[in-house]
Structure formats: structure tokens, C-alpha cells
Amino acid sequence: MWQEDRYRRIRALLSTLHRVSTERIMTELEVSRETVRRDLLDLEVLGELRRVRGGATRPDDEAPIAERAHTHVKFKTAIAKAATSIVASGQTLFIDAGTTTSLLAEELARLANLTIITNSIDVALKMRGIPDQGAPANEVILLGGSIGNRAAATVGGTTVAEILRHRADIALLSPVGIDSQHGASNFDHAETEVSRAMITNADRVVILADYSKIGLRSRIGYCPADRIDLLITNEKATAGKDFPLLKKKLKRIILAS
């Protein structure tokens, strides 16, 4: 089979299935694993798909949270550590669900006298914190609502309504992507509505995005660049094509090493 024919078949599979395994492509195209590997590499360079463990997804799809938890951990941890430097005792924080915010919770749990309002079950459990004379070091409010399909987090109208009952000093959010034209964006509609509500009722918006998310746009924009008070990313992000444009639009950037 000619290379362009293989590309066309892979595009068709992704269009139908959204996510396709290497084995499925091998079977459908009757080619070797090495051929599939080369084709996926080429199509990823062209921006037509995103390689994930065991296969590929459409470029605007996000891998399952269990899979994302094992990617770019070093860079996400550096961002989480940097984020603690902007948090002060006595503040109220909105935190959404994601692998980066889960790592952030581990760092914030070392602090005291914070109020954490989150829809993430993982964040809430980690933020129970270090006991201090029999009492939690931080107050943790887990938002009510329905459990989402993609992560152990609450979403829906109840969750949004509860967010709007609170005010926060800072919203700490982790998007699927952030680019100079559309700002922060996400893939899932329900998760996006949660993040958007947190932005509405927060004094400051801080976006936590590792270098791989810079210049990416997912399907639902929820925070334009001019509403972002601070972006925390990695030094490696400066090599990205969109970074100079993004830098011009943002008020402040912290580069975590």
C-alpha cells in the first residue's frame, strides 16, 4: 500500500473512532508495527494526530487522566512547586481537576491556613494536609455535583452553582492547551464550565501548563489571554513557535526549571 493511501486510511479511522490503537491500524492496513510507527510520527509532525501510548488520537483529543498522570511528571512537578510561591496564608483558592493540579495539591498540603475549593476528588484528598494539634492544616471544600466521565471530579449545574456561591483570591487551573489567539482551552464541555465559573468568581487567574501545552488549542476556549494574570510553565516552553506571541499578550509568566 502506498504511503498516502495509508495516511488516508489512518485519517479515516481517527475520524470515526477518535482514538485508534496501533494493533487496529496494523490489522486494517495489513502492515507492520514499524510501518505504523513511522506513519504516526509523520502524521503527528503534520499536526493531523497526537501519538499516545499504544496508538493515536485526534489532535484536539486529550488522553485519559490515568495516562496523562505519567507524562511530563518532572515538568508538572516543577510548575507545582513554582505555584506555591504565589500563594499566601489565609487565601482562598479554586483548583480544578487535572494531573498538574493534583501535583499542586501535594505541594500546597505542606502549607497551612488555606481554604481550598475544588471539584477534584484527588485534590481534595491530598489537601487534607498535615494534622496540627488534631485539626487539618487547611480547610477543604469539595464541590458537589455529578462525577464526570473523564476524571474523578464533580461537574454539572450543581457544581457550577456551588462555585458561584464562593469568592476566591486565586483560581489555579490546568487547561488542555493555551495559545496566543484563543487563550486557555479544554476538550470536555462539562469540565470547561467548571473552570469558567472559577474564573468568574476569582480575583486572579493562574494557568498551570507544562511546555507541551503551549501553542495548543483544544476545542473549547474558556479564558482569553487578557484575563490570565499569570502563566506558570517550563523554560522549555520558550522554544515553541507560539511562545513569543503568547508572551506579548500575557501580564506575567513564571518559567519553572
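What you see is a predicted model; the values in this text were computed from it and never measured. (Residues numbered from 1 in each chain as written. Predicted model: local features only at pLDDT ≥ 70, side-chain atom pairs only at ≥ 80, totals over all residues. Heavy atoms only, no water.)

### Quick word on the overall build of the protein chain
No. 1: The helix and strand tally for the protein chain stands at 10 helices and 15 strands.
No. 2: Against the globule reference of 18 Å for 257 residues, the protein chain gives a C-alpha radius of gyration of 20 Å, in line with a compact fold.
No. 3: Considered along the principal axes of its C-alpha atoms, the protein chain spans approximately 70 × 40 × 30 Å.
No. 4: For the protein chain, buried positions account for 49% of its 257 residues.
No. 5: When contacts within the protein chain are restricted to residue pairs at least 6 apart in sequence, long-range pairs at least 24 apart make up 63% of them.
No. 6: With the model as given, the accessible surface of the protein chain reaches about 12,400 Å², and the carbon-plus-sulfur share is 52%. (Helix = DSSP H or I, 4+ residues; strand = E, 2+ residues; numbered from the N terminus. Rg over C-alpha atoms; globule rule 2.2 N^0.38 Å. Buried < 20%, exposed > 50% of the residue type's maximum accessible area, 1.4 Å probe, protein only. Contact = heavy atoms within 4.5 Å. Areas by Shrake-Rupley, 256 points an atom, 1.4 Å probe, with all protein chains shown as cover.)

### Description of the sheet that holds strand 14 (residues 230-234)
No. 1: One open sheet holds the seven strands; their spatial order is 6-5-4-9-12-14-15, and the pairing between them is parallel. A strand with exactly one partner marks an edge of an open sheet, and here the two such strands are strand 6 (139-142) and strand 15 (253-256). Averaged over all adjacent pairs, the angle separating strand axes in this sheet is 20°, with direction ignored.
No. 2: One ladder, built from three bridges, connects strand 4 (residues 92-95) with strand 9 (residues 168-173); its direction is parallel. Note on strand 9: the bridge partner recorded for Phe94 is Ala171. (Pairing = 2+ DSSP bridges. Axes fitted to C-alpha atoms, helices over the stretch in contact; angles between N-to-C directions.)

### Looking at the nonpolar core
No. 1: In terms of nonpolar packing, the biggest core is built from 29 residues, with Phe94, Leu173, Ile178, Met198, Ile207, Ile214 and Leu231 touching the most fellow members.
No. 2: Of all the elements in the fold, those that place two or more residues in this core are strand 9, helix 9 (189-200), strand 12 (202-208), strand 13 (220-223) and helix 10 (243-249).
No. 3: The greatest single-element share of this core, amounting to four residues, is contributed by helix 9.
No. 4: Ignoring sequence-local partners within four residues, the contact set of Leu173 consists of Asp96, Ser195, Met198, Ile199, Val205, Val206, Ile207, Leu208 and Tyr222. (Core = buried A, V, L, I, M, F, W, Y, C linked by side-chain atoms within 4.5 Å.)

### Overview of unusual backbone geometry
No. 1: The residue Glu30 is not glycine, and still its phi comes out positive at about 55°.
No. 2: Tracing the sequence through the fold places Glu30 in the loop between helix 2 (22-29) and helix 3 (33-45).
No. 3: Residue Glu30 is classed as exposed on the basis of its relative accessible area of 72%.
No. 4: One non-glycine residue with positive phi stands out, namely Asn113, at about 65°.
No. 5: Relative to the helices and strands, Asn113 is located in the loop between helix 6 (99-108) and strand 5 (115-118).

### Quick look at the UniProt feature "domain: HTH deoR-type" (unreviewed entry) in the protein chain
No. 1: Annotation from UniProt places "domain: HTH deoR-type" (unreviewed entry) at residues 3-58.
No. 2: The span residues 3-58 is 64% helix and 16% strand, and its two end C-alpha atoms sit 19 Å from each other. (UniProt positions renumbered as here; feature names shortened; annotations may be inferred.)

### Some details on the packing of aromatic side chains
No. 1: In this structure the tally under the stated criterion is one aromatic pair.
No. 2: Relative to Tyr211, the ring of Phe75 has its centre 4.8 Å away and its plane inclined at 65°; by these criteria the two rings are edge-to-face. Of this pair, Phe75 sits in helix 5 (residues 73-83) while Tyr211 sits in the loop between strand 12 and strand 13, and the two are 136 residues apart along the sequence.
No. 3: By relative accessible area, Phe75 is classed as partly exposed at 23%.
No. 4: One residue, Lys74, lies across the ring of Phe75, its end atom 5.7 Å from the ring centre. (Phe/Tyr/Trp six-rings, centres within 6.5 Å; stacked < 30°, edge-to-face > 60°. Lys NZ or Arg CZ within 6 Å of the ring centre and 35° of its normal.)

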